[in-house]
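Given next are the chains, with one letter for each unit.
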Amino acid sequence: MRGICTVEAGSGGFSHYTLSHASGSSVVVTDYGAHLLSWRDARGGERLFVSEKALFAPGKPIRGGIPLVFPQFGKGDLPSHGFARTSVWTFEGSSITEHGAITATFSLSWKGGVDSIWPHPCELRLHVKLSDVLAITMSVKNTGEAPLSFFSALHTYYRVSDIKQVAIEGLCGVDYIDFLRDRIRECEGRASVRCDGATDRVYVNSPRKLILRDDKGVPMIIDKQGMSDTVVWNPWREGAQTIVDLDCDEFQNFICVESGNVVTPIVLNPGEEHVAQQTLGVQLD
Ligand code: TA6
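1. Things to note about the overall build of the chain
Here is step 1: Scanning the chain for helices and strands turns up 1 helix and 21 strands.
Here is step 2: What you see for the chain is a C-alpha radius of gyration of 18 Å, in line with the 19 Å of a compact globule of 285 residues.
Here is step 3: When the 285 residues of the chain are sorted by exposure, 52% land in the buried category.
Here is step 4: When contacts within the chain are restricted to residue pairs at least 6 apart in sequence, those whose partners lie at least 24 apart make up 61%.
Here is step 5: Total accessible area computed for the chain in this model is approximately 12,500 Å², and 49% of it derives from carbon and sulfur atoms.

Shown next, in the form of structure tokens:
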């Protein structure tokens, strides 16, 4: 078997696309938000976290997986993290590359206009490519006649069994903005960033490659391009209690490490396109 893409009706009536690679790895993407719901490595281990209380309902974001943040990061005039994650995307097709990678592409054509919640026309594409690694490419094209300014991120929820044992390497010497301390800006001094309480930080101009070590010490390589920042988030128990679609115990089972442009907006002139990519690889023995 070289690999396949199949589709079935999933939770909430949305279409779920499963990409299966010859190595044994697989990915599930729903057309609701072009949202990745599952990524199993070649041994079948689930790498993404989705809450048991996640909602699959029109207009509601899905708690977990990889929500797409666009065009707003966090709270603001639009719904939290923007509308891309609560829009139904179009499945454009799937292919097998000559090296056996399985791909699927989704698009969202935003018409904008004066009556829209966001007036700027644009075309979004999400390309998922599964091989030994998982490569996710998000592109934004300005199809309007005025400059377009936006923030974006891949709000990735990684599954772990003990948040207290998780470490992120590669952020030492990088400035961060601490959203839980009046957005104070400081420099990270730790070679291994660990969470021992609620954490909500944006590391500004973070390096392209980070290593996320889970509670078993298995390294995950996070490689980003076209995205300048990294967000690290876990609400801890107190924060989880205020989130309706997250069980308060579940804070132990995930960490969000989000690649994105969340501090300085990307600005595109008419016709211009911005391409960002995140590649995830797990080093299994
Ligand atoms: O990316 C971190 C963050 O912006 C946090 O501040 C936190 O609230 C989280 O995202 C989840 O946001 P959501 O709108 O999905 O509840």
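2. Focus on the pattern of salt bridges
Here is step 1: All told, the structure shown has 13 salt bridges when counted by the stated rule.
Here is step 2: Asp214 is the partner of Arg47 in a salt bridge, and the nearest nitrogen-oxygen pair spans 3.6 Å. Remark: Asp214 occurs in the loop between β17 (209-213) and β18 (219-225) and Arg47 occurs in the loop between β4 (35-40) and β5 (68-69); sequence separation between them is 167 residues. Per residue, the accessibility class of Arg47 equals that of Asp214, and both read buried.
Here is step 3: A salt bridge links Arg237 to Asp249; its shortest N-O distance comes to 2.7 Å. In this pair, Arg237 is assigned in helix α1 (residues 236-240) and Asp249 in the loop between α1 and β20 (254-268), connecting sequence segments 12 residues apart.
Here is step 4: Among the residues examined, Arg237 registers a relative accessible area of 31% and is labelled partly exposed.
Here is step 5: For Asp249, a relative accessible area of 37% corresponds to the partly exposed category.
Here is step 6: Where salt bridges share partners, they join Asp178, Arg181, Glu186, Glu188, Arg190 and Arg201 into one cluster.

3. With respect to the site of the ligand
Here is step 1: As a matter of local geometry, the ligand sits amid Arg63, Phe73, Ser80, His81, Arg85, His155, Asp200, Val231, Trp233 and Glu258.
Here is step 2: Between the ligand and His155, the relevant distance is 3.0 Å, taken from an oxygen atom to a side-chain nitrogen or oxygen of the residue.
Here is step 3: Compared with its free state, where it exposes 390 Å², the ligand has 81% of that area covered by protein.
Here is step 4: Cavity membership is defined here by more than half of the atoms lying within 2 Å of grid points; on that basis the ligand lies in the largest pocket.

4. Here's the deal with the layout of surface pockets
Here is step 1: There is about 660 Å³ of room inside the largest pocket.
Here is step 2: Gly74, Lys75, Ser80, His81 and His155 are, among the 26 residues lining the largest pocket, the residues nearest its centre.
Here is step 3: Sorting the residues of the lining of the largest pocket by element identifies β16 (199-203), β19 (229-234) and β20 as the ones contributing at least two each.
Here is step 4: Counting residues per element, the lining of the largest pocket draws most heavily on β20, at 3 residues.
Here is step 5: Across the lining of the largest pocket, the residue classes break down as 12 nonpolar, 7 polar and 7 charged.

5. Looking at unusual backbone geometry
Here is step 1: With omega at -5 degrees, the peptide bond leading from Phe70 into Pro71 counts as cis.
Here is step 2: Inspection of the secondary structure puts Pro71 in the loop between β5 and β6 (90-96).
Here is step 3: Residues other than glycine seldom take positive phi values, yet Asp182 does so here, at roughly 55 degrees.
Here is step 4: Mapping Asp182 onto the fold places it in the loop between β13 (175-178) and β14 (184-187).
Here is step 5: You will see that Trp236, though not glycine, has its phi angle at about 60 degrees, which is positive.

Parameters and conventions
Residues numbered from 1 in each chain as written. Predicted model: local features only at pLDDT ≥ 70, side-chain atom pairs only at ≥ 80, totals over all residues. Heavy atoms only, no water. Helix = DSSP H or I, 4+ residues; strand = E, 2+ residues; numbered from the N terminus. Rg over C-alpha atoms; globule rule 2.2 N^0.38 Å. Buried < 20%, exposed > 50% of the residue type's maximum accessible area, 1.4 Å probe, protein only. Contact = heavy atoms within 4.5 Å. Areas by Shrake-Rupley, 256 points an atom, 1.4 Å probe, with all protein chains shown as cover. Salt bridge = Lys/Arg side-chain N within 4 Å of Asp/Glu carboxyl O. Near = heavy atom within 4 Å. Polar contact = N/O pair within 3.5 Å; in protein donor to acceptor, adjacent residues only side chain to side chain. 1 Å grid on protein atoms, 1.4 Å probe; cavity = no way out; pocket = protein on both sides within 12 Å on 5 of 7 lines; lining within 4 Å. Sits in = over half its atoms within 2 Å of the grid points. Points joined across faces, edges and corners; volume = space filled by probe spheres on them. Nonpolar A, V, L, I, M, F, W, Y, C, P; charged D, E, K, R; others polar.

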